[in-house]
Amino acid sequence: GQAREETDKILLELENWIKVYRIWPKECANPYCILMLTVGLYLIVQSMVVQAARWSISDFDEKIVGMENLTFCLSVFLEFIDVNSYKRNTKMLKLIRSDYIGCQILNFKDGGPRTSVQPTSSQLQKSKMALADLMTTKALNNLTTIERSVLYFYLGFISVSFINLTLYLINIQTLEDLRLPLILYIPYISNLTSKVFRSLTKYLICLIFEVAYIVSTLYWTNTSYKFLLLAFNHVLTEIKLFNIENEDDRGEWKMDQELRGEVVYNQNQLRQEMRLKLIHHQTIVR
């Protein structure tokens, strides 16, 4: 259905991400990834240097902003390393692409069905498939909500700078009032000991640099959420399917006991059913 098509589209996007955006091994490293990794590391180092240089002349609010800036840069840097981990992403994509163990149908070559009253396998299979489709739809809806939330967060993060710039252009604020989304020191462009810009051109250069970095961060964050949410949804769906199987088995055993007669089970079928349950349980745990 539509949910399956949307999932396949996302999986294709994630597969292309794994192929293109890599930082290891060295011979397969993407230049863009190396550049952004370098920029992220520079932002962390320069943030600490600026904090140290301005600490004695900064008020309490400026110190808090500086610490938040450092935390943000460090978090983004670690997220970038995580989202570009080839080994980790390959494992997660393999998990997401794998078929649900709980939806697989056993075909027994030896022996017939066991002689007990039980729901038809088609009914159970339909309920499993319906659950899998429902969980996929919910995951896609949650993913859309998360993407919008992250987008709104980053828009709010950079909107203050554009509002200040607009107020400056209509002569409501002065050049000294302009601020950047992040603390940034670039030699010969910004000042190490002051957050005030003396030139609009220098301010615009720093603003464009930071906006480009934040937009890239938005893309990394959404990609990371896609990997994590779809992988988590796959495991959660397997758990729910496992619970459905157990509930169905409990119902069968209860009905067998109510018969108060001797019930004969096909040993080969029971062995294969238990084997499937073991595989299903191992899949969830791993």
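These numbers were taken from a predicted model, which means no experiment stands behind them. (Residues numbered from 1 in each chain as written. Predicted model: local features only at pLDDT ≥ 70, side-chain atom pairs only at ≥ 80, totals over all residues. Heavy atoms only, no water.)

Draft legend 1. Region of the structure containing the pattern of salt bridges. Enumeration over the complete set of coordinates arrives at 7 salt bridges. Among the salt bridges present, the one from K195 reaches E62, with a minimum N-O distance of 2.5 Å. Remark: E62 occurs in helix α3 (residues 60-83) and K195 occurs in the loop between α5 (121-169) and α6 (200-259); sequence separation between them is 133 residues. Residue classification places K195 among the partly exposed positions, given a relative accessible area of 34%. The partly exposed category is assigned to E62, whose relative accessible area is 24%. Between R198 and E176 there is a salt bridge; the shortest N-O distance is 3.5 Å. (Salt bridge = Lys/Arg side-chain N within 4 Å of Asp/Glu carboxyl O. Helix = DSSP H or I, 4+ residues; strand = E, 2+ residues; numbered from the N terminus. Buried < 20%, exposed > 50% of the residue type's maximum accessible area, 1.4 Å probe, protein only.)

Draft legend 2. Inspection of the UniProt feature "transmembrane region" (unreviewed entry) in the protein chain at higher detail. Sequence positions flagged by UniProt for "transmembrane region" (unreviewed entry) are, in local numbering, residues 29-49, 69-86, 151-170 and 200-220. Taken end to end, residues 29-49 has its terminal C-alpha atoms 29 Å apart, with 90% of it in helix and 0% in strand. Annotated as 100% helix and 0% strand, the span residues 200-220 places its first and last C-alpha atoms 30 Å apart. (UniProt positions renumbered as here; feature names shortened; annotations may be inferred.)

Draft legend 3. Representation of a nonpolar patch on the surface. A contiguous nonpolar surface patch, about 330 Å² in accessible area, is contributed by L41, V45, M48 and V49. Secondary-structure assignment places V45 in helix α2 (residues 31-54). Classification of V45 by relative accessible area gives partly exposed; the value is 41%. (Patch = residues over 30% accessible without salt bridge, like charges linked within 9 Å, V, L, I, M, F, W, Y side chains within 5 Å. Areas by Shrake-Rupley, 256 points an atom, 1.4 Å probe, with all protein chains shown as cover.)

Draft legend 4. Local environment of unusual backbone geometry. A positive phi is found at N171, a non-glycine position, where the angle reads about 65°. Residue placement: N171 occurs in the loop between α5 and α6. With a relative accessible area of 70%, N171 lands in the exposed category. Of note, the phi angle at Y188 is positive, near 70°, even though the residue is not glycine. By the secondary structure assignment, Y188 is in the loop between α5 and α6. Residue classification places Y188 among the exposed positions, given a relative accessible area of 79%.

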